[in-house]
Structures are given as structure tokens and as C-alpha cells.
Amino acid sequence: MSQVEMVVNGRKVSGTVEDRTLLVHYLREHLGMTGTHVGCDTSQCGACVVHMDGKAVKSCSILAAQASGSDIVTIEGLANGADLHPVQAAFREHHGLQCGFCTPGMIMAATDMIARHPEGLDEKTVRAELEGNICRCTGYHNIVKAILAASKAMGKAGKGKTKKAA
Amino acid sequence: MYSTNYHRASSVADAVKLLKKADDGKFVSGGMTLIPAMKTRLAAPSDLVDLRHVPELKGVKISGKTVTIGAATTHAEVAANAKLASVCPAICNLAAHIGDPHVRHMGTIGGSIANNDPAADYPAALLALGATIFTNKREIAADKFFTGLFETALKDDEVITAVAFTAPAKCGYAKFPNPASRYAMTGVFVAKAKDGVRVAVTGAGEDGVFRSKEIEAALSKKFDASALEGVSVSAGTLMSDIHANAEYRANLVVVMAKRAVASANG
Ligand SMILES: Cc1cc2nc3c(=O)[nH]c(=O)nc-3n(C[C@H](O)[C@H](O)[C@H](O)COP(=O)(O)OP(=O)(O)OC[C@H]3O[C@@H](n4cnc5c(N)ncnc54)[C@H](O)[C@@H]3O)c2cc1C
Ligand code: FES
Ligand code: FES
């Protein structure tokens with residue numbers, strides 16, 4: 001057994017887990033935060049994406065013990081009370097989801113992607129960056145549209161720090 | 001996943017000590033190969049010794065044309081290193097096309113070469129660059145390091161600490177990614193240095209990464225895609241699987257080599 005402690009969405013959490021516990025299972029089963037999904041057992045679908053120390057990672061392929069000491073953000077940590085995060089708002093506006101199963105991972109991947117591209121995003125980059133996220137419903141089209149719109153909106157909100165999205 | 005015991009190493013010496021104490025332990029770095037293998041019970045180490053928090057294993061150092069990359073440096077860090085891109089852009093480009101962004105945030109160069117997957121990207125780069133692999137015990141030339149399918153010259157309790165190479169005058173990499181996994185269905189790394197042209201092929205060989213003498217000979221005459229017109233490589237030792245047969249891969253080797261040279265020549 002391992003004693004783990006980490007910060008999840010700004011809140012300090014700790015617990016004792018079996019060493020083989022995956023981070024996603026720690027979040028879902030120990031902390032009861034079921035927003036992070038498991039969609040495959042081959043580390044390919046990205047439904048489980050969370051941010052660890054500011055970087056998008058697959059929580060199905062990391063042990064909770066490996067993540068101990070880190071800062072985790074999940075889909076539950078994005079909205080500000082009733083106000084959706086701009087990426088969540090863009091997914092709603094542009095119909096970037098159907099069944100919604102892939103959506104938490106898509107949105108965590110999108111927020112990471114936007115943060116890594118302060119110069120703005122174009123469609124080709126968004127599609128390439130979505131390599132690790134599989135959606136069985138939408139055909140990706142509206143997901144790409146939503147991410148481009150969010151990147152633009154967040155660029156504007158960023159006090160002109162961000163150049164025009166291509 | 002079978003149960004296991006997790007240990008976090010604070011230094012290379014600590015990691016070796018922890019592994020020696022274990023029954024059937026393994027190092028874990030990014031975990032992007034080992035944890036998926038444990039989930040499917042293809043691997044069941046009694047103990048995991050985590051290298052991700054060992055400071056001496058991290059970072060890229062460049063002095064003149066000499067490049068040293070710490071074993072626990074992630075693919076994302078290699079891809080985004082501007083200084084490295086100015087002396088050897090091909091390796092940044094290679095790292096930027098491994099798997100997906102989430103895998104690149106965790107996966108490391110040391111883990112990739114220790115695993116020596118026959119379809120992994122880094123082995124081709126290190127073999128073509130004539131790199132040296134540094135461990136806690138010794139230095140190993142890339143030519144001696146990759147010994148077969150998922151096989152390397154490493155001993156069980158040997159930790160890769162870094163890889164180093166001299167940036168060549170020109171180099172380039174091209175891969176035909178498997179449409180589902182993004183691993184190389186065939187990937188070719190070409191390098192033109194003072195002491196000649198070296199060409200390494202991944203994703204195609206039955207025994208893993210290998211140097212292509214045919215392509216090296218042709219490119220030594222003229223380092224240009226046109227030099228590869230009419231050149232063919234033997235399908236004899238290439239692999240056949242559900243994705244492609246050996247003849248198809250033999251053709252891909254030449255096509256990827258042409259693209260790699262074109263990208264090396266910019
Ligand atoms: C969805 C997905 C797609 C991928 N696509 C690609 C791809 O396109 N191309 C590609 O090349 N790879 C790909 N990979 C593999 C990825 O690059 C891994 O990061 C890499 O193979 C292993 O690195 P790691 O740090 O994660 O190693 P780990 O999984 O931690 O370890 C792998 C092995 O190496 C050993 N090891 C690790 N570090 C050391 C060290 N310093 N010294 C000695 N032994 C060590 C471990 O004991 C273990 O046996 C993909 C992986 C996934 C999950
Ligand atoms: S559940 Fe993590 S990649 Fe599919
Ligand atoms: S919306 Fe159903 S999987 Fe993406």
C-alpha cells in the first residue's frame with residue numbers, strides 16, 4: 001500500500017491506496033469524481049485525460065502513487081461556479097459533443113492545447129493535436145470548430161497577449 | 001494489473017539500490033509502455049522503481065555540436081527545445097511525432113530505447129546518429145546497444161542516464177505511421193556527417209532497428225533523393241504482419257528514405 005497525497009482541483013487530498021491503483025481509479029473510486037472517464041484499455045482513447053502539474057496526461061496509464069505530490073486538474077475543476085470555462089462553453093455553442101463520453105478528455109486536451117499555442121491555432125494543428133483523443137460520435141468536425149472558437153475567445157480575453165488565431 | 005510495490009528513487013544510486021532489493025523489479029520512467037503492459041498483464045514486475053523524480057536524469061545540454069539528452073527527458077521536452085532544434089532539428093521533429101501530446105508529456109527517451117520496440121522512433125535516430133548511450137556502469141555505442149526485438153545490451157540493474165551524439169551536418173527523419181497506433185510502420189533516419197552517411201530503419205526489420213547498407217551506399221555517392229531512384233532493398237529480413245507484408249515495407253523503406261533526405265536537405 002502507498003500513502004498518496006496530491007492537490008486535486010485546488011483541494012488537498014490524501015489516502016492509502018494499493019500501489020497498482022491507477023490515477024483514474026483513484027479519482028473516480030476513492031474521490032468519487034467520475035467526470036474523468038475510461039474508454040479503452042490500450043491507452044489510446046484519451047477519455048481519461050487530466051492535467052498533472054499543468055500538462056495533459058492519460059490518467060489510465062499513471063499510477064496514483066506516481067502522481068503523488070503533484071497538482072491535478074480534472075474536468076470538474078474547470079468551471080467557475082455556474083460559469084462554464086470558455087472551452088466548455090464553446091463545446092456547447094458549437095455542438096462539440098453527442099453522447100458526451102469522450103468530452104471530458106477532449107476538453108482537458110483542448111485546454112492544454114490552447115495553453116501550449118498562445119500564438120493561436122489553425123485547423124490542421126487542432127486535428128494533429130487531437131491524435132490521442134478518440135470520439136465515436138461527432139466525426140470531430142464540431143470538436144475542431146469548438147476548439148478553434150475557444151482559442152480565439154481566450155486569445156481576446158488574454159489582453160491581446162495572444163496573436164490572432166489563424 | 002497484478003499487484004506491485006512502488007518506490008520513488010531520489011538518485012541513480014538510490015534507484016539501483018531499490019532495484020537490487022526487489023524480487024523481480026523494473027524501472028519505470030514515463031510509464032507509457034510499462035503501465036499499459038502491466039494493465040494487460042503482459043508485464044508483472046514485483047516492484048517498480050520510479051526514475052521520474054531523479055534530477056540528474058533530466059534535461060538537454062548542448063555544447064557546440066555535442067548534444068546530451070538526459071534519459072528521463074520527455075518527448076515533449078525534446079520536441080520543444082529551441083536550442084536543440086537549431087543544431088539538430090530532425091530529432092525535435094521525430095519527438096514531436098511520437099504518439100500523441102499526452103504520451104509525449106510522460107514518455108521519455110531512456111524508456112523508449114530501453115524498451116527497443118521494433119516500431120519505436122528513437123532507436124532509428126540514435127543508430128543513424130552513431131550516438132553513445134551512457135549508463136550508471138559504462139558507455140555503449142548505439143551500434144552495440146540495440147540487439148534485437150525488445151532486446152538491448154542493458155543488464156537488469158543498469159540505468160540509462162543519458163544519450164549523447166554529435167549533431168551531423170545534415171539529418172532527417174520520415175515515418176509512415178501506422179494509422180491506428182502512430183508507431184512507425186516504417187521510419188527512416190538519415191544522417192550525413194564528416195565520417196560518412198548513416199541510415200537507420202525502424203518499424204520494418206524482423207530483428208528491430210537496422211542500418212540499410214544499400215541506401216547508405218547510394219546516398220554516399222550523392223546525398224539527394226534522386227540518388228535513390230531505382231534503388232531497392234531486399235524484403236528478406238523485413239517483417240510481415242497484418243498491417244503490411246515484407247515487400248510493401250521494402251518499398252516503404254526507399255520511399256521514407258527519399259523523404260528523409262529531402263527533409264535533411266531542407
Ligand atoms: C498511445 C501510445 C502511442 C505511442 N506511440 C509511439 C510512437 O509513435 N513512437 C514511439 O517510438 N513510441 C510510441 N509510444 C511509446 C512511448 O514513446 C513510450 O514513452 C516509450 O516507448 C517508453 O518510454 P517511457 O519513459 O514511457 O518508459 P516506461 O514505460 O517507463 O519504461 C519502458 C521500459 O524501459 C525501462 N526503462 C525506462 N527508463 C529506463 C532507464 N533510464 N534505464 C533503464 N531502463 C529504463 C523500463 O524498465 C521498462 O522496461 C506510444 C505509447 C502510447 C501509450
Ligand atoms: S482510458 Fe486512458 S486512453 Fe483510453
Ligand atoms: S461524443 Fe460520443 S464519443 Fe465523442
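Being a predicted model, the structure only gives us computed values, none of them experimental.

Conventions used here
Residues numbered from 1 in each chain as written. Chains lettered and ligands numbered in written order. Predicted model: local features only at pLDDT ≥ 70, side-chain atom pairs only at ≥ 80, totals over all residues. Heavy atoms only, no water. Helix = DSSP H or I, 4+ residues; strand = E, 2+ residues; numbered from the N terminus. Rg over C-alpha atoms; globule rule 2.2 N^0.38 Å. Buried < 20%, exposed > 50% of the residue type's maximum accessible area, 1.4 Å probe, protein only. Contact = heavy atoms within 4.5 Å. Areas by Shrake-Rupley, 256 points an atom, 1.4 Å probe, with all protein chains shown as cover. Lys, Arg positive; Asp, Glu negative; His and termini not counted. Charge placed at Lys NZ, Arg CZ, Asp CG, Glu CD. Pairing = 2+ DSSP bridges. Axes fitted to C-alpha atoms, helices over the stretch in contact; angles between N-to-C directions. Expected span 1.5 Å × (residues − 1). Near = heavy atom within 4 Å. Polar contact = N/O pair within 3.5 Å; in protein donor to acceptor, adjacent residues only side chain to side chain. Salt bridge = Lys/Arg side-chain N within 4 Å of Asp/Glu carboxyl O. Domains from an automatic or database assignment. Buried area = accessible area lost by both parts, 1.4 Å probe. Nonpolar A, V, L, I, M, F, W, Y, C, P; charged D, E, K, R; others polar.

(A) Fine view of the overall build of chain A. Regarding its fold elements, chain A presents six helices and five strands. Mapped from its N terminus to its C terminus, chain A presents α and β elements in the order β-β-α-β-β-α-β-α-α-α-α. Its C-alpha atoms give chain A a radius of gyration of 16 Å, near enough to 15 Å, the size a compact globule of 166 residues would have. Taken over the C-alpha atoms alone, chain A extends approximately 50 × 35 × 25 Å along its principal axes. When each of the 166 residues of chain A is scored for burial, the buried share is 52%. Sequence-distant contacts in chain A: of pairs separated by 6 or more residues, those separated by 24 or more amount to 57%. Total accessible area on chain A stands at roughly 7800 Å², and carbon and sulfur atoms take up 51% of it. For chain A, the distance from the average site of its 18 positive side-chain charges to the average site of its 16 negative ones is 8 Å.

(B) Highlighting the sheet that holds strand β2 (residues 11–17) of chain A. Residue and element names in this part refer to chain A. Reading across the sheet, the five strands line up as β2-β1-β5-β3-β4 and stay open at both edges, with mixed pairing between neighbours. At either margin of the open sheet sits one strand with a lone partner, and together these are β2 and β4 (55–58). Taking the axes of each pair of neighbouring strands and ignoring which way they run, one obtains an average angle of 40° across the sheet. Judged from the four bridges that link them, strand β3 (residues 49–52) and β4 form a sheet pairing that is antiparallel. Bridge pairing links H51 to A56 in β4. Of the strands in this sheet, β1 (2–8), β2, β3 and β5 (71–73) are in contact with helix α1 (residues 23–30), which crosses β2 at around 105°. Seen against the sheet, helix α4 (residues 103–116) touches β3, β4 and β5 and runs at an angle of roughly 40° to β3.

(C) Examining helix α11 (residues 246–264) of chain B more closely. Residue and element names in this part refer to chain B. The terminal C-alpha atoms of α11 lie 26 Å apart, and with 19 residues this matches the ideal 27 Å at 1.5 Å per residue to within 8%. Those residues of α11 not exposed but buried are A246, R249, A250, L252, V253, V254, M256, A257, A260, V261 and A264. The inward-facing, buried residues of α11 contact β11 (170–177), β12 (184–193), β13 (196–202) and α10 (213–221). Where α11 terminates, the next one or two residues include G266, which has phi positive at roughly 60°.

(D) The pairing of β13(B), seen in detail. Residue and element names in this part refer to chain B. In terms of burial, β13 is a largely internal element, six of the seven residues being buried. Pairing between β12 and β13: seven bridges, direction antiparallel. Residue pairing for β13: F189 is matched across the bridge by A200. The hairpin formed by β12 and β13 contains two residues between the paired strands. Sheet topology places β13 next to strand β14 (residues 210–211); two bridges connect them, and they run antiparallel. Bridging across to β14, V201 finds its partner in F210.

(E) Main features of the site of ligand 1. Neighbouring ligand 1 are 32 residues; F27(B), S29(B), M32(B), L34(B) and T108(B) lie closest to it. The local environment of ligand 1 is shared, drawing residues from chains A and B. At 2.8 Å, a backbone N or O of G30(B) approaches an oxygen atom of ligand 1. Between a nitrogen atom of ligand 1 and a main-chain N or O atom of I160(B), the distance comes to 2.8 Å. Of all elements in the fold, only β2 (25–28) and α7 (109–115) of chain B reach the threshold of two or more residues within the shell around ligand 1. Sorting elements by how many residues they give to the shell around ligand 1 places α7(B) first, with four residues.

(F) The pattern of salt bridges, seen in detail. Inspection of every chain in the model, using the stated rule, returns 16 salt bridges over all chains. Two residues, E18(A) and R20(A), come together in a salt bridge whose shortest N-O distance is 3.1 Å. One network of salt bridges, in which partners are shared, links D143(B), R198(B), R211(B), K213(B) and E216(B).

(G) Up close: the sheet that holds β2(B). All names here are of chain B. If you trace the three strands from one edge of the open sheet to the other, you get β1-β3-β2, paired in parallel fashion. Of all the strands in the sheet, just β1 (5–8) and β2 have a single pairing partner and so form its edges. For this sheet, the mean inter-axis angle between neighbouring strands, taken without regard to orientation, is 25°. Taken strand by strand, helix α1 (residues 12–21) contacts β1, β2 and β3 (47–50), and its axis lies near 150° from that of β2.

(H) Seen up close, the domain arrangement of chain B. All names here are of chain B. Domain parsing of chain B yields domain 1 (5–50), domain 2 (55–166) and domain 3 (170–264). Between the C-alpha centres of domain 2 and domain 3 there is a distance of 19 Å. Contacts between the two partners involve 24 residues from domain 2 and, on the opposite side, 21 residues from domain 3. Across the interface of domain 2 and domain 3, roughly 1700 Å² is buried in total on both sides, 64% from carbon and sulfur atoms.

(I) Layout of the interface of chain A and chain B. The partner chain B presents 30 residues to the 28 residues of chain A that form the contact. When residues of chain A are sorted by the area they lose upon contact with chain B, R20(A), Q66(A) and E131(A) head the list and together hold 28% of the total. Viewed at the interface, chain B and chain A are joined by two salt bridges. Two residues, K58(A) and D100(B), come together in a salt bridge whose shortest N-O distance is 2.6 Å. Here chain A is connected to chain B by 11 residue pairs in polar contact (both at pLDDT 80 or more). Among the elements of the structure, β3, β4, α2 (64–67) and α4 of chain A are those that each provide at least two residues to the side of chain A that touches chain B. With four residues, the single largest contributor to the side of chain A that touches chain B is β4(A). The residue inventory of the side of chain A that touches chain B, partitioned by class, reads 11 nonpolar, eight polar and nine charged.

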